[in-house]
Amino acid sequence: MKILVCISHVPDTTSRISFTDNNTRFDATGVQFIIGPYDDYALARAVELKESAEATVTVLNVGLAETEPTLRKALAIGADEAIRVNAQPADAFFVATQIAAQARTGQYDLILMGRESIDYNGGIVHAMVGEMLGIPSVSPVMKLEIEGNMAKLAREIEGGKEYLEAPLPLVLGCQEPIAEWKIPNMRGIMSARTKPLHVVEPVAADSGVELKQYELPPPKGAVKLIPAEQVQELVRLLKQEAKVL
Amino acid sequence: MNVLVFAELSEGKIKSSAAEAIAFARGITDKVSVAVLGNADEAGLAALGKYGATKVIWANDERLNAGIIQAYASVISQIFTATQADILVAADSSLATPVAARVAVKQQASMATNVVQVPDLSAGFEVKRSIFTGKAFARVALTKPKKVITIKKNAAEIKEYSLTASVEAFKPELSDSDFSIRITSTEKATGHILLPEADIVVSGGRGMKGPEHWGMLEELARVLNAATGCSKPVSDMGWRPHHEHVGQTGVKVAPQLYIAVGISGAIQHLAGVNSSKCIVVINKDPDAPFFKAADYGIVGDAFEIIPKLTEAIKAAQ
Ligand SMILES: Cc1cc2nc3c(=O)[nH]c(=O)nc-3n(C[C@H](O)[C@H](O)[C@H](O)COP(=O)(O)OP(=O)(O)OC[C@H]3O[C@@H](n4cnc5c(N)ncnc54)[C@H](O)[C@@H]3O)c2cc1C
Ligand SMILES: Nc1ncnc2c1ncn2[C@@H]1O[C@H](COP(=O)(O)O)[C@@H](O)[C@H]1O
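Each value, and the rule that gives it
- Residues numbered from 1 in each chain as written.
- Chains lettered and ligands numbered in written order.
- Predicted model: local features only at pLDDT ≥ 70, side-chain atom pairs only at ≥ 80, totals over all residues.
- Heavy atoms only, no water.
- Patch = residues over 30% accessible without salt bridge, like charges linked within 9 Å, V, L, I, M, F, W, Y side chains within 5 Å.
- Areas by Shrake-Rupley, 256 points an atom, 1.4 Å probe, with all protein chains shown as cover.
- Salt bridge = Lys/Arg side-chain N within 4 Å of Asp/Glu carboxyl O.
- Helix = DSSP H or I, 4+ residues; strand = E, 2+ residues; numbered from the N terminus.
- Buried < 20%, exposed > 50% of the residue type's maximum accessible area, 1.4 Å probe, protein only.
- Pairing = 2+ DSSP bridges.
- Axes fitted to C-alpha atoms, helices over the stretch in contact; angles between N-to-C directions.
- Contact = heavy atoms within 4.5 Å.
- Phe/Tyr/Trp six-rings, centres within 6.5 Å; stacked < 30°, edge-to-face > 60°.
- Lys NZ or Arg CZ within 6 Å of the ring centre and 35° of its normal.
- Expected span 1.5 Å × (residues − 1).
- Parallel < 35°, antiparallel > 145°, perpendicular 65-115°, else oblique.
- Left-handed = near helix turned anticlockwise from the far one by under 90°.
- Nonpolar A, V, L, I, M, F, W, Y, C, P; charged D, E, K, R; others polar.
- Near = heavy atom within 4 Å.
- Polar contact = N/O pair within 3.5 Å; in protein donor to acceptor, adjacent residues only side chain to side chain.

**Student:** What exactly am I supposed to notice about a nonpolar patch on the surface here?
**Tutor:** Residue and element names in this part refer to chain A. A cluster of nonpolar side chains, Met186, Ile189 and Met190, forms an exposed patch at the surface whose accessible area comes to about 290 Å². In this fold, isoleucine 189 is placed in helix α5 (residues 186-192). Residue class for isoleucine 189 comes out partly exposed when judged on its relative accessible area of 34%.

This is the structure:
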């Protein structure tokens, strides 16, 4: 079985977000970049399937050269080869077009992604890739088992879970507890240096979304502390001042 | 401009988030059609006029009772074409967002998810969306002629109209390949307020010490007509179900009031709650980081404060 795992290269979840150039550019100064946390779950499940379903795992990122350490980390975790589509990920449609083009060439049985990227938070690249390839997509997936040509899945829905069966090929957006994050070991890190990392040029795609400006939320005022023995005062403030009760 | 709204059903009834999607569409144009898929209560459909819908297009086909993404995308795209719509609007959800994404590809439309306010169209078609898991916003222009927009909770203010929507039947073309995915079973909490839609959320963290203490939070939630949430470790340890976990890797909520009890306020938890209008924090540690993100706080022991707070709210009702 051939598995493609699509990973985004995103600021660490603890990063403070700020912008430069008159709020038109993300300020990466001092920011640590990681494999998107949801993509990391997808990768972990793919690496597990290498053994149980005799799979080969290719990781893919649409990004400029600065994302290569992130791809190398995915190789160290256990992917067999990496592809970097050499382009700025302009928007979901652009990224999906690139992934779909690589998927057509590689003929993968399973395309695993995260449920969403934590920078853009679109939650749509998987559905777009499914549509472009004319195959089903499911997200957010919490459980994935392969049985022959079928996948058995659990998907989170508002207030519960849905169990599904779907034929391969298939695109999935993953989240916990599909697998536990894997930390690269020394052997993985050594072997990642020599695993293939292919750089390919993007196919033509018009994005349709143009960034105008970033904004930060207004700063929060100071908290109003209420003594523990005066809960009635809290109720009064919520009613009369905040008007939320 | 013609705007089509996808209104999702839950057990045959229109979901409350559809009212916000219609209000959002109304902010763009007066001509708002609403697509409804599957068996539904017909009186409820005409009543969508109350929120500003002029027409309801109803694909009343029982194959559409289950929310199968590909089938839904196919039907909504057909309705989009048939109504000559320019814009599709839906409220973000586990079904509507992927469906809308597939429609955007079929229609070659520009798409934005997580949109937080009705656009001001005077300077071109620009929308404001939430990014970096609520830590920032981006203003983006949607440059293609057709547009697909999914909105976050509270993106539009619901207004009331004295309209009755006309209800038109729509016969979709469906193919077997739209149904290659089969839903084998569903587990869903019934009779509960769903966390992503709740106006008030009562959330507990590791400070609650164990699942046996959730009764007091549930009682507070019941009195407030609120949903219950939790921090990630709480769901990791199995004290509460996974779909209640709030934050970066869980549900993002946007209630009027978020009450956090025994939660330290790690940045990943705050990422899921920073769209809340008002935040109350109850924690015994005065240095808990959550107080910096709170509007009101009480420093003290949750096990003493929560029962008293519940009583005080009952007394004030
Ligand atoms: C990539 C990544 C993603 C993550 N995503 C999420 C996420 O989506 N959501 C999330 O919640 N976390 C997430 N986390 C985890 C996060 O970093 C914190 O570990 C977590 O939020 C802490 O949970 P907590 O506040 O319940 O527990 P703790 O940090 O242990 O805090 C417990 C609090 O309870 C207080 N307390 C104890 N006893 C009492 C009492 N009797 N009365 C009142 N207060 C009391 C303590 O003072 C303390 O502040 C993520 C972490 C990573 C690395
Ligand atoms: N630049 C990228 N390169 C590769 N995969 C990506 C990229 N951006 C997003 N993805 C994948 O698409 C998923 C959903 O992203 P999004 O629709 O942006 O929330 C992510 O979790 C990744 O798996």
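**Student:** Which parts of the structure should I look at to understand the pattern of salt bridges?
**Tutor:** Pairing between side chains of opposite charge can happen when the charged atoms of each approach one another. This model, assessed by the stated rule, comprises 32 salt bridges over all chains. Between lysine 152 of chain A and glutamate 165 of chain A there is a salt bridge, with its nearest N and O atoms 3.8 Å apart. Of this pair, lysine 152 of chain A sits in strand β10 (residues 150-157) while glutamate 165 of chain A is found in strand β11 (residues 160-167), placing the two residues 13 residues apart along the sequence. When its relative accessible area of 34% is taken as the criterion, lysine 152 of chain A is described as partly exposed. The salt bridge partner of lysine 55 of chain B is glutamate 168 of chain B, with a shortest N-O separation of 3.8 Å. Of this pair, lysine 55 of chain B sits in strand β5 (residues 55-59) while glutamate 168 of chain B is found in strand β11 (residues 166-169), placing the two residues 113 residues apart along the sequence. With a relative accessible area of 38%, glutamate 168 of chain B lands in the partly exposed category.

**Student:** What should I look at first to understand the sheet that holds strand β9 (residues 137-147) of chain A in this one?
**Tutor:** Strands in a sheet are paired, the pairing made by backbone hydrogen bonds, and the direction either parallel or antiparallel. On the basis of which strands lie adjacent, the open sheet formed by 10 strands has the order β13(A)-β7(A)-β6(A)-β1(A)-β8(A)-β12(A)-β9(A)-β10(A)-β11(A)-β12(B) and mixed pairing. The open sheet has two edge strands with one neighbour each: β13 (197-200) of chain A together with β12 (182-188) of chain B. Across this sheet, the average inter-strand angle for adjacent strands is 25°, counted without regard to direction. Taken together, the five bridges between strand β1 (residues 2-6) of chain A and strand β6 (residues 56-63) of chain A define a ladder with parallel strand orientation. What sits directly across from lysine 2 of chain A, in β6 of chain A, is threonine 56 of chain A. On top of the sheet, helix α3 (residues 92-106) of chain A reaches β1, β6, β7 (81-86), β8 (110-114) and β13 of chain A; it is set at about 150° to β6 of chain A, its chief contact.

**Student:** Just to check I follow, could you spell out the packing of aromatic side chains for this structure?
**Tutor:** To describe a pair of aromatic rings, you give the distance between the ring centres and the angle between the ring planes. Within the structure shown, the criterion is met by eight aromatic pairs over all chains. Measuring from centroid to centroid gives 6.3 Å for phenylalanine 19 of chain A and phenylalanine 26 of chain A, while their planes differ by 70°, and the two rings are edge-to-face. Taken individually, phenylalanine 19 of chain A and phenylalanine 26 of chain A each receive the classification buried, so the pair is uniform in this respect. Note on phenylalanine 26 of chain A and phenylalanine 132 of chain B: the rings are 5.1 Å apart at their centroids and 25° apart in plane angle, and the pair reads as stacked. On the criterion of chain membership, the pair formed by phenylalanine 26 of chain A in strand β4 (residues 25-26) and phenylalanine 132 of chain B in the loop between β8 (126-131) and β9 (136-142) is interchain, its members lying in two chains. In this structure, phenylalanine 26 of chain A and phenylalanine 132 of chain B share a single accessibility class: buried. What links up through ring pairs into an aromatic cluster is the set Phe19, Phe26, Phe33 and Tyr214 of chain A together with Phe132 of chain B. A cation sits over an aromatic face here: lysine 128 of chain B above phenylalanine 137 of chain B, 4.5 Å from the ring centre.

**Student:** Explain helix α4 (residues 96-107) of chain B to me, please; I cannot follow it from the model alone.
**Tutor:** Every α-helix winds through 3.6 residues per turn, so residues three or four apart in the chain are directed the same way. Residues and elements named next belong to chain B. With 12 residues, α4 should cover 16 Å at 1.5 Å per step; its first-to-last C-alpha distance of 16 Å lies within 8% of that length. Across the 12 residues of α4, 11 count as buried, placing the element largely inside the fold. Within the sequence span of α4, burial applies to Ala96, Thr97, Pro98, Val99, Ala100, Ala101, Arg102, Val103, Ala104, Val105 and Gln107.

**Student:** I keep staring at the packing of helix α4 (residues 125-133) of chain A against α4 of chain B and nothing clicks. Help me out?
**Tutor:** Describing two packed helices takes the angle between their axes plus the distance from one axis to the other. Two elements in contact, α4 of chain A and α4 of chain B, have axes separated by 8 Å at closest approach and are oriented at 45°. Put simply, α4 of chain A runs oblique to α4 of chain B. Considering how the two elements wind past one another, α4 of chain A and α4 of chain B form a crossing that is right-handed. Contact residues: Ala127, Met128, Gly130, Glu131 and Met132 of chain A in α4 of chain A; Pro98, Ala101, Arg102, Ala104, Val105 and Lys106 of chain B in α4 of chain B. Residues of the contact of α4 of chain A with α4 of chain B, tallied by class, amount to seven nonpolar, one polar and three charged.

**Student:** Where do I start with the sheet that holds strand β15 (residues 257-261) of chain B in this structure?
**Tutor:** Strand order in the open sheet made by the six strands is β15(A)-β17(B)-β16(B)-β15(B)-β13(B)-β14(B), with parallel pairing throughout. Of all strands in the sheet, those with a lone pairing partner are β15 (224-225) of chain A together with β14 (227-230) of chain B, marking the two edges. Sheet topology note: the β15 of chain B/strand β16 (residues 278-283) of chain B ladder contains five bridges and is parallel. Each bridged residue has a counterpart across the sheet, and for leucine 257 of chain B the counterpart in β16 of chain B is cysteine 278 of chain B. Here helix α6 (residues 231-240) of chain A sits on the sheet and contacts β15 of chain A together with β15, β16 and β17 (296-299) of chain B; the angle it forms with β17 of chain B, its principal contact strand, is near 170°.

**Student:** Help me out: how do you make sense of the site of ligand 1 in this one?
**Tutor:** All names here are of chain B. What surrounds ligand 1 is a group of 28 residues, the closest being Arg206, Ser231, Ser264, Gln268 and Asn283. Between ligand 1 and histidine 269, the relevant distance is 2.8 Å, taken from an oxygen atom to a side-chain nitrogen or oxygen of the residue. Burial of ligand 1 by the surrounding chains reaches 81%, relative to a free accessible area of 990 Å². When contributions to the shell around ligand 1 are tallied by element, the ones reaching two or more residues are α6 (232-236), α7 (267-270) and α8 (302-316).

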